[in-house]
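Structure assessment
Read off the chains here:
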Amino acid sequence: MTVAEEPETPETSEEEPIKQRKNGLYPGVSDELAENMKTGWADTELRDLQPIPQAAETAARRAALSARFPGERLVIPAGNLKVRSNDTDYPFRASVEYAWLTGNQTEDGVLVLEPKGEGHEATIYLLPRSNRENGEFWLSGQGELWVGRRHSLTEAEKLYGIPASDVRELPGKLREATGPVRVVRGYDAGIEAALTDKVTAERDEELRVWLSEARLVKDEFEIGELQKAVDSTVRGFEDVVKVLDKAEATSERYIEGTFFLRARVEGNDVGYGTIAAAGPHACTLHWVRNDGPVRSGDLLLLDAGVETHTYYTADVTRTLPVNGRFSDLQRKIYDAVYDAQEAGIAAVKPGAKYRDFHDAAQRVLAERLVEWGLVEGPVERVLELGLQRRWTLHGTGHMLGMDVHDCAAARTETYVDGVLEPGMVLTVEPGLYFQADDLTVPEEYRGIGVRIEDDILVTEDGNRNLSSALPRRSDEVEAWMASLR
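Values in this document were obtained by computation on a predicted structure and should not be read as measured data. Position numbers for residues count from 1 along each chain, tracking the sequence in the order it is written. Confidence filtering applies because this is a predicted model: local features only for residues at pLDDT of at least 70, side-chain atom pairs given and counted only at 80 or more, and all residues used for totals across whole chains, interfaces and linings. Just so you know, side-chain values use all the structure's heavy atoms and leave hydrogens and water out.

**Concerning helix H12 (residues 252-266)**
Between the first and last C-alpha of H12 there are 22 Å, a value that for 15 residues agrees with the 21 Å anticipated at 1.5 Å per step. Considered for burial, the residues of H12 that qualify are Glu-252, Ile-255, Thr-258, Phe-259 and Ala-263. On an axial view of H12, the arc spanned by its buried residues comes to 135 degrees, and they lie on one face. Exposed side of H12, more than 90 degrees from the buried face: Leu-261 and Val-265 are the residues found there. Counting from the N terminus, the helices are the DSSP runs of H or I reaching at least four residues and the strands are the DSSP runs of E reaching at least two. One less than the residue count of a helix, multiplied by 1.5 Å, gives the span that helix is expected to have. Burial here depends on accessible area, computed with a 1.4 Å probe over protein chains only, as a share of the maximum for the residue type. Under 20% is buried, over 50% is exposed, and the range in between is partly exposed. Along the arc lie the directions from the helix axis toward the C-beta atoms.

Written as structure tokens, this is what we have:
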């Protein structure tokens, strides 16, 4: 914390003394100080607020949700703070379901859709401004003077276009509620406890699945946010190339930190743990320790994405020669992955099966592995038995949005076994990875890992590569790096 003293817990009733932190330096609060802190504060209510940019979209999403579950009470929590260590919390990120439906991102919030007539009446339940009468605003560790000002309920109504109420009253209301109820589980134990005798796991899962599938096709606002995320990510990759010499003098963490600066300056955060994998670390698919050396002559696999202030994230990978030039073998492997990605991207179009881009990319990789003598053909046999997976392992892409692996709860028949539609956004990211201890490949291959990943929007007549501003072809990568260094 950046201040010398720790906050104390506020008094919860007139009878209860203020609970002190065990090793706090102040023994208590005098009556005079308590009275002094109640007065002399300016009115800071914000009266000229405008609705958030996506207010029309969130309203349409709630309307679709209402139509899907008529006559049922629907409860979608944002979630609570999680303790990192002792009295410090992890940075809060609201549940995707809640943020997608409201645009709000504050902890403890809950969206409730109450059945009314043929539809629903929405209420957003939030913590109001910190209480100045009982001293919460300066005595509580989550008070305004410690962690910052919350919006008042009136302000929240203006911002989100939803009637707002005090969330502290909600558990009691839910305990008394009658009729069918569904809740999105896993975010707020208190809310779930209040509904424990009213909900079933099966019905709640249906709600979670619907909310996941509803995000498969992005609206125009979402596509714009994803493009913002990608554009910032492109600048983050440029930042990294410019400081590769400093990374060589330190470690992969210089790369991680450099990209993180761009993410925090232009966005909310990184969308996931940055993979800054140099040399053989590139063969570890989710290498996020980022504590290894960066050496001239090796490749750097950088898999990173900026998350916007509205939670939409990019997911881009480039594999770069640290010294700016591919060796002959590195180029051969890189070009094979590039060709596989080209085949995968070409297969992304409306009406195509979701699996088509994966199958197209895997076929190219299998052909090269057979051509290089690393696996016995024919190619059809390799693909049927999945033998290429020793060196490529993962699927060739996934849906992208407010989660880096978006829509993960969707049914298999609507996602992996589904059909592509305009407005879907997915990654295409083939890779080849020759582990440092893989004795089935020639020694010179060992420790080389290559992945190329772009974010692809399905359009009415094909696709658009949202991350096309970053070079992909090996010669273009070298020229780009030279221009920045």
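**Quick look at helix H14 (residues 356-371)**
Counted at 1.5 Å a residue, the expected span for H14 with its 16 residues is 22 Å, and the 23 Å between its end C-alpha atoms agrees. For H14, every residue scored as buried is listed here: Phe-357, Ala-361, Gln-362, Val-364, Leu-365, Ala-366 and Leu-369. The criterion used for residue contact is that any of the two residues' heavy atoms lie within 4.5 Å. Close packing links the buried residues of H14 with helix H13 (328-346), helix H15 (379-385), helix H16 (389-392), strand E13 (425-428) and strand E14 (431-434). Positive backbone phi, at 80 degrees, marks Gly-373, one or two positions downstream of H14.

**Brief notes about the UniProt feature "domain: Aminopeptidase P N-terminal" (unreviewed entry) in the protein**
Here, UniProt's "domain: Aminopeptidase P N-terminal" (unreviewed entry) annotation points to residues 53-192. Within residues 53-192, the helical portion is 34% and the strand portion 22%, while the C-alpha atoms at the span's ends are 31 Å from each other. UniProt positions are given in the numbering used here, feature names are shortened, and annotations may be inferred rather than shown by experiment.

**Let's talk about the sheet that holds strand E4 (residues 110-116)**
For two strands to pair, DSSP has to find at least two bridges joining them. Spatial ordering of the open sheet is given by E6-E5-E4-E1-E7, a layout of 5 strands whose pairing is mixed. Each edge of the open sheet is held by one strand with a lone partner, namely strand E6 (164-166) and strand E7 (181-183). Each strand axis lies, on average, 25 degrees off the axis of its neighbour in the sheet, ignoring direction. Pairing of strand E1 (residues 73-77) with E7, which is carried by 3 bridges, proceeds in the parallel orientation. In the sheet register, Val-75 faces E7, and the bridge partner there is Val-183. Across the sheet, helix H9 (residues 201-213) touches E1 and E7, and the angle it forms with E7 is around 55 degrees. Only the contacting stretch of a helix is used when fitting its axis, a line to C-alpha atoms as for every element, and angles between N-to-C directions run 0 to 180 degrees.

**Considerations on the nonpolar core**
Burial of nonpolar side chains together is a common tendency in soluble globular proteins. As used here, the term nonpolar core means buried Ala, Val, Leu, Ile, Met, Phe, Trp, Tyr and Cys residues forming a set that is joined through side-chain atoms within 4.5 Å. Of all hydrophobic cores here, the largest spans 93 residues; its most connected members are Leu-65, Leu-432 and Phe-434. Ranked by the residues each element gives to this core, the list is headed by helix H10 (residues 220-242), at 9 residues. Counting residues in each nonpolar core, the second largest holds 17 residues, with Leu-216, Ala-347, Tyr-354 and Tyr-415 among its members.

**Describing the packing of aromatic side chains**
Here a pair means two rings of Phe, Tyr or Trp (six-membered ring of Trp) with centres within 6.5 Å. Their orientation is stacked below 30 degrees between planes, edge-to-face above 60, and tilted elsewhere. Inspection of every chain in the model, using the stated rule, returns 8 aromatic pairs. Residues Phe-434 and Tyr-445 carry aromatic rings whose centres are separated by 5.2 Å and whose planes lie at 75 degrees to one another, so their mutual orientation is edge-to-face. Of the two residues, Phe-434 sits in strand E14 while Tyr-445 sits in the loop between E14 and strand E15 (448-451), which places them 11 residues apart along the sequence. Note on accessibility: Phe-434 and Tyr-445 belong to one class, buried. An aromatic cluster is present here, built from Tyr-354, Phe-357 and Tyr-415 joined pairwise through their rings. Either the NZ atom of lysine or the CZ atom of arginine qualifies as a charge over a ring when it sits within 6 Å of the ring centre and within 35 degrees of the ring normal. For the cation-ring pair, Arg-68 lies above Phe-69, with the distance from its terminal atom to the ring centre recorded as 4.3 Å. In this structure, Arg-93 packs its charged tip against the face of Tyr-311, placed 4.2 Å from the ring centre.

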